[in-house]
Amino acid sequence: MTEKNLLVLGDREAGKSSLLGKVIGKDLSVPSGLGLEHVCIPVKDDEREDGTQVNAWILEEEEYAASLLPLVLNEKTFDKLAVWIVVSMSKPWSLIQSLEKWANLLADGIDKMRLDSASSKKYASKLEKLFREYVDPTLDSGAAGQASERELDLPLGENTLTANLGVPIIVVLSKADYMATLEKDLDYREEKFDFIQMRLRNWCLKYGAALVMTSAKEAKGGERISNTELLQRYTAHVLYGLKFHEEGFVLDRDGVFIPIGWDNEKKIGILLDSLGDIQPTRPFEQVVMAPPPISKVSPVSKVSSVLPVALPLDTAWSVFVPAKCSRHECPSAGRSRLRQANSGRPTTARSVTT
């Protein structure tokens, strides 16, 4: 098994390093690189008793991403590469904008490789083949083979793989358990969560991407494997073609898993019945809006907003002179503060001699 590469993209605080730290069982909270961090993910093929590692490259700084991208994305690595785009449910209003930003960066990087038309077509066909050949792992081998042959002959949906970049993308929605906080603090309802899922799945369908939701929740006995383990195994499956036995599932709102090729417009359309009054074509940012910023008013601003422009001396004395300092003990200090209040200009501190 040869070493392959994983490019990890995403905004700051999206959870990229924490996610990879969980995958490899190591604390990555302190970046070990400047702008581009390298992590090795072990991969093992149990059937052949063989193993290797995936070189994961994390782009940590947005401002350096374009210049650092060619170190990972080039003609030598492109056919041995998968991409994670990590977005966070802690800021759901920025999900689509963030995905578009990083997908555009990736597309620009691929354009700069200046692949000839034959190579571009080869990589695009390879991704389409991966998409078309998806088979439900719960089917037996005979039924799976027949299903695969049927899928190869069917036309793709109108909005499927319309942005084929020729590289497999896995969209990772981190902090999915934050949905409970959104529900409690921002009054999010199931209709809005379904709208978010629908738009994420539509975006993934356009790029032929997978969708994996991850969170701090761990799998309990008898349940599916943890979402981070699922992500690790699925990434190895995409890169090496290793057997993968987990089927796609969408019923758990914060545990959705959609492999490449599983989804289609008909499946996504099921969500239309649960949107309530939300129009499915409405701009994302008009449905999932950022909360208004919390204004922070300094103590000085609070005082100046309450006090009149000019105060009588007797009235202002109690405000600007400390309780322990009488009017007769500190006359200069009191007058200095009063002049500052009336003029609106800061007064230079000075010692007072009584």
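Below: a short report on this structure. Bear in mind that the values here come from a model prediction, so they are computed numbers and not experimental data.

Let's talk about the sheet that holds strand 1 (residues 4-10)
- An order of 2-3-1-4-5-6-7 is seen for the 7 strands of this open sheet, with the pairing classed as mixed. In this open sheet, the two strands that pair with only one neighbour each are strand 2 (36-45) and strand 7 (257-258).
- Across 5 bridges, strand 1 lies against strand 3 (residues 50-59) in parallel orientation. Residue pairing across strands places Leu6 opposite Ala56, the latter belonging to strand 3.
- Packing of helix 3 (residues 95-112) onto the sheet brings it into contact with strand 1, strand 4 (81-88) and strand 5 (169-174), and relative to strand 4 it is tilted by some 155 degrees.

Focus on the packing of aromatic side chains
- Scanning the model with the defined rule gives 8 aromatic pairs in all.
- Residues Phe249 and Phe257 carry aromatic rings whose centres are separated by 6.0 Å and whose planes lie at 55 degrees to one another, so their mutual orientation is tilted.
- Aromatic rings pair up to connect Tyr234, Phe244, Phe249 and Phe257 into one cluster.
- Above the face of the Tyr188 ring, Lys192 is positioned so that its terminal group lies 4.6 Å from the ring centre.

Quick word on helix 7 (residues 190-207)
- For helix 7, which comprises 18 residues, the first-to-last C-alpha distance of 26 Å matches the rise-based estimate of 26 Å (1.5 Å per residue) to within 8%.
- Phe193, Asp194, Phe195, Ile196, Gln197, Met198, Leu200, Arg201, Trp203, Cys204, Leu205 and Tyr207 are the residues of helix 7 that are buried.
- Following helix 7 by one or two positions, Gly208 adopts a phi angle in the positive range, close to 65 degrees.

A look at the pattern of salt bridges
- Across all of its chains, the model carries 10 salt bridges by this definition.
- Residue Lys129 is joined to Glu133 by a salt bridge in which the shortest nitrogen-to-oxygen separation is 2.7 Å.
- Residue Glu133 is classed as partly exposed on the basis of its relative accessible area of 33%.
- Across the pair Glu183 and Arg253 runs a salt bridge whose closest N-O atoms are separated by 3.0 Å. Of this pair, Glu183 sits in helix 6 (residues 179-185) while Arg253 sits in the loop between helix 8 (227-240) and strand 7, and the two are 70 residues apart along the sequence.

Examining the side chain of Lys16
- As for its position among the elements, Lys16 is in helix 1 (residues 16-24).
- Of note is the side chain of Lys16, whose polar atom sits 3.0 Å from the backbone oxygen of Asp11.
- Beyond its immediate sequence surroundings of up to four residues, Lys16 is in contact with Val8, Leu9, Gly10, Asp11, Ile58, Leu59, Glu60 and Val86.

Some points on unusual backbone geometry
- Phi is positive for Glu13, which is not a glycine, with a value near 65 degrees.
- Mapped onto the fold, Glu13 is located in the loop between strand 1 and helix 1.
- Of the residues examined, Glu13 reaches a relative accessible area of 66% and is grouped as exposed.
- Not every positive phi belongs to a glycine, and Asp187 is a case in point at roughly 60 degrees.
- Its place among the elements puts Asp187 in the loop between helix 6 and helix 7.

Quick notes on the rules
Residues numbered from 1 in each chain as written. Predicted model: local features only at pLDDT ≥ 70, side-chain atom pairs only at ≥ 80, totals over all residues. Heavy atoms only, no water. Pairing = 2+ DSSP bridges. Helix = DSSP H or I, 4+ residues; strand = E, 2+ residues; numbered from the N terminus. Contact = heavy atoms within 4.5 Å. Axes fitted to C-alpha atoms, helices over the stretch in contact; angles between N-to-C directions. Phe/Tyr/Trp six-rings, centres within 6.5 Å; stacked < 30°, edge-to-face > 60°. Lys NZ or Arg CZ within 6 Å of the ring centre and 35° of its normal. Expected span 1.5 Å × (residues − 1). Buried < 20%, exposed > 50% of the residue type's maximum accessible area, 1.4 Å probe, protein only. Salt bridge = Lys/Arg side-chain N within 4 Å of Asp/Glu carboxyl O. Polar contact = N/O pair within 3.5 Å; in protein donor to acceptor, adjacent residues only side chain to side chain.

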